Amino acid sequence: MQRGEIQLKKKIRIGALISGSGTNLQAIIDACRSGTISGRMVYVGSDNPDAAGLVRARQSNIPTFVVCYKSIFREIRVESDKAKLPDDFDFNDVLAKQNLLGDGDDPARKKLFLMRRAIAEAALLKAVEPYPFDLLILAGFMRTLSPYFIDRVNIDRGRPRIMNIHPALLPAFAGVDGYGDTFRYGCKVGGCTVHFVDYGEDTGPIIGQRAFQIQPGDTIESIRKKGLNLEWGLYPACIQLFAQGRIKVVRKNFDLGKGKMVMRRIVEIED
């Protein structure tokens, strides 16, 4: 019996974090229901109490919760001296690992950013405690995750288990507006990427990508529509690879010539 056949005897448990309408979430819920994904949704969480995706989850009888980042950050700003950091938060460790803020950023800003993230992420971790999961998917979750959270989900560092979908062909156009950047740069091809989450912004190992042609008459709206139609197929397909146990992350060294080497963590898909 092959690895994938053994894995498929047991459905994986999938958690999701969202911020908005949840169209990718719906595609994944539907794929779990149809058997396209050998998995089941065990929770949907959001930083936004008004996220329409929470309604989609409840309609499918999936447990939901909200950790409102805005409220947490507001409380910290008003009563910063009373802000309680998680007992296991190590600022120097998180600072050394993170790639969200650069060396040129103000040290005080870095400290506040990482402390606020740790407090909110500790609340997230507390919220998911009742729902054991094998894979966490970000489906339009508009908050970056810090090493504090990532390290507590990726217990086995060789087997990451946080996935994200990004509206561009990474490594091009990381950040918040991938389709918009694709349009504004006059690209002739657009697309979407599913990747594992690491300590940077949209820099983790790429699992899968799909592309579409951009025609002269395309608008930013038509580009987004083309991209979303691909996202709804790509994300379930990548999750199914995870469910089948076919994703392997490996380190590879590449010779750039003139004595220069670069190391990358890449995904290999096993048969």
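Residues numbered from 1 in each chain as written. Predicted model: local features only at pLDDT ≥ 70, side-chain atom pairs only at ≥ 80, totals over all residues. Heavy atoms only, no water.

Topic: the packing of aromatic side chains
Here is step 1 of the chain: Inspection of the entire model under this criterion finds eight aromatic pairs.
Here is step 2 of the chain: Measuring from centroid to centroid gives 6.0 Å for Phe 89 and Tyr 148, while their planes differ by 70°, and the two rings are edge-to-face. A residue pair is termed long-range when its members are at least 10 positions apart, and Phe 89 in the loop between helix 4 (69-78) and helix 5 (91-97) and Tyr 148 in helix 7 (residues 147-153) qualify at 59 residues.
Here is step 3 of the chain: Residue classification places Phe 89 among the buried residues on the basis of a relative accessible area of 13%.
Here is step 4 of the chain: On the basis of an interplanar angle of 45° and a centroid distance of 5.1 Å, the ring pair of Phe 173 and Tyr 185 is categorised as tilted. Note that Phe 173 is positioned in the loop between strand 5 (162-166) and helix 8 (178-184) and Tyr 185 in the loop between helix 8 and strand 6 (189-196), a separation of twelve residues in sequence.
Here is step 5 of the chain: One aromatic cluster in this structure is built from Tyr 43, Phe 65, Tyr 131 and Phe 133.
Here is step 6 of the chain: Positioned above the aromatic ring of Phe 73, the side-chain terminus of Arg 116 is 4.1 Å from the ring centre.
Here is step 7 of the chain: Lying across the ring of Phe 133, Arg 161 places its NZ or CZ 4.6 Å from the centre. (Phe/Tyr/Trp six-rings, centres within 6.5 Å; stacked < 30°, edge-to-face > 60°. Helix = DSSP H or I, 4+ residues; strand = E, 2+ residues; numbered from the N terminus. Buried < 20%, exposed > 50% of the residue type's maximum accessible area, 1.4 Å probe, protein only. Lys NZ or Arg CZ within 6 Å of the ring centre and 35° of its normal.)

So, the sheet that holds strand 5
Here is step 1 of the chain: Reading across the sheet, the seven strands line up as 3-2-1-4-5-6-7 and stay open at both edges, with mixed pairing between neighbours. The strands lining the two open edges of the sheet, one partner per strand, are strand 3 (64-66) and strand 7 (206-213). Across this sheet, the average inter-strand angle for adjacent strands is 20°, counted without regard to direction.
Here is step 2 of the chain: Examined bridge by bridge, strand 1 (residues 12-18) and strand 4 (residues 135-138) share four bridges and lie parallel to one another. Bridge pairing in strand 4 links Gly 15 to Leu 136.
Here is step 3 of the chain: The sheet contacts of helix 3 (residues 52-59) involve strand 1, strand 2 (39-46) and strand 3, and relative to strand 3 the element is tilted by about 155°. (Pairing = 2+ DSSP bridges. Axes fitted to C-alpha atoms, helices over the stretch in contact; angles between N-to-C directions. Contact = heavy atoms within 4.5 Å.)

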